[in-house]
Amino acid sequence: MSLFLWILQIVLAIMFMGIGGQRLTRPARHLRKLPWTDGYPVAAIRALGAVELTAGLFLLLPGFLGWTPILTTAAAAGLVVLMALAVAMHLRRGQRQAAVLPAILLVMAAIVVWGRLTQML
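Residues numbered from 1 in each chain as written. Predicted model: local features only at pLDDT ≥ 70, side-chain atom pairs only at ≥ 80, totals over all residues. Heavy atoms only, no water.

1. Quick notes on helix α5 (residues 100–120)
Cut-off, in case you're wondering: Counting from the N terminus, the helices are the DSSP runs of H or I reaching at least four residues and the strands are the DSSP runs of E reaching at least two. Multiplying 1.5 Å by the helix residue count minus one yields the expected span of that helix. Burial classification: accessible surface area is computed with a 1.4 Å probe over protein chains only, and a residue below 20% of its type maximum counts as buried, one above 50% as exposed, and the rest as partly exposed. The contact criterion used is simple: two residues touch if any of their non-hydrogen atoms lie within 4.5 Å.
In a regular helix each residue adds 1.5 Å, so 21 residues correspond to 30 Å; α5 covers 31 Å between its end C-alpha atoms and thus fits that length. Within α5, the full set of buried residues consists of Pro102, Leu105, Met108, Ala109, Val112, Val113, Gly115 and Arg116. Buried residues in α5 make contact with α1 (2–25) and α4 (70–92).

Right, dumping it as C-alpha cells:
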C-alpha cells in the first residue's frame, strides 16, 4: 500500500507543481485564453497556482525530509477540496469535459488522504 500511495503522491505532485508553476509564470494574456479563467482576476489565478505548487511540494517533502506525515495528509485533503470546487465550477459553466481531469485528481488525492490517515492510526 505504501508504494502505491507514493506513486499517487508523485503523480499528483508532478501534476500540481507543473500546473501551479504555469499559473504563476505564464503571461496574463496566456492565462486569459483558458476558458475557465473568464471572470476571475489574474491575481486569483496566480494565487491558485501558488496553492497548487505548495500542495504539490507538501505531497513529497514531509516523506523525503522526515517531517510529520500529517502535512502530506493535509496537502492531499486541501487538494480534494480544491478539486471538488474545480469540478463544481466546470459543471456549473457547462464544461463537462473539462471537469473530468479535476474529478480524477480529486479521487487520487482522496485515496492518498485515506491511505495516509489509515497508516497514521
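2. Describing the packing of aromatic side chains
To keep it simple, the criterion reads: Only the six-membered ring of Trp is used, alongside the rings of Phe and Tyr, when aromatic pairs are assigned; centres must lie within 6.5 Å, and planes under 30 degrees apart are stacked while those over 60 apart are edge-to-face, with the rest tilted.
Applying the stated criterion across every chain yields a total of 3 aromatic pairs. Arranged with centres 5.2 Å apart and planes meeting at 20 degrees, the rings of Trp6 and Phe64 form a pair that is stacked. Here Trp6, found in helix α1, pairs with Phe64, found in helix α3 (residues 42–65); they are 58 residues apart in sequence, far enough to count as distant. We classify Phe64 as exposed; its relative accessible area is 55%. For the ring pair Phe58 and Trp67, a centre distance of 6.1 Å and an interplane angle of 40 degrees mean the geometry is tilted.

3. Re the side chain of Arg23
Put simply, the rule reads: By the criterion applied in these results, polar contacts are pairs of N or O atoms within 3.5 Å in which, for protein atoms, one can donate a hydrogen and the other can accept it, and in which residues neighboring in sequence qualify only through two side-chain atoms.
Counting through the fold element by element, Arg23 comes out in helix α1. Residue Arg23 is classed as buried on the basis of its relative accessible area, which comes to 14%. A distance of 2.6 Å separates the side chain of Arg23 from the side chain of Glu52, its partner in a polar contact. Excluding residues that lie within four positions of it along the chain, Arg23 makes contacts with Leu31, Trp36, Ile45, Arg46, Leu48, Gly49 and Glu52.

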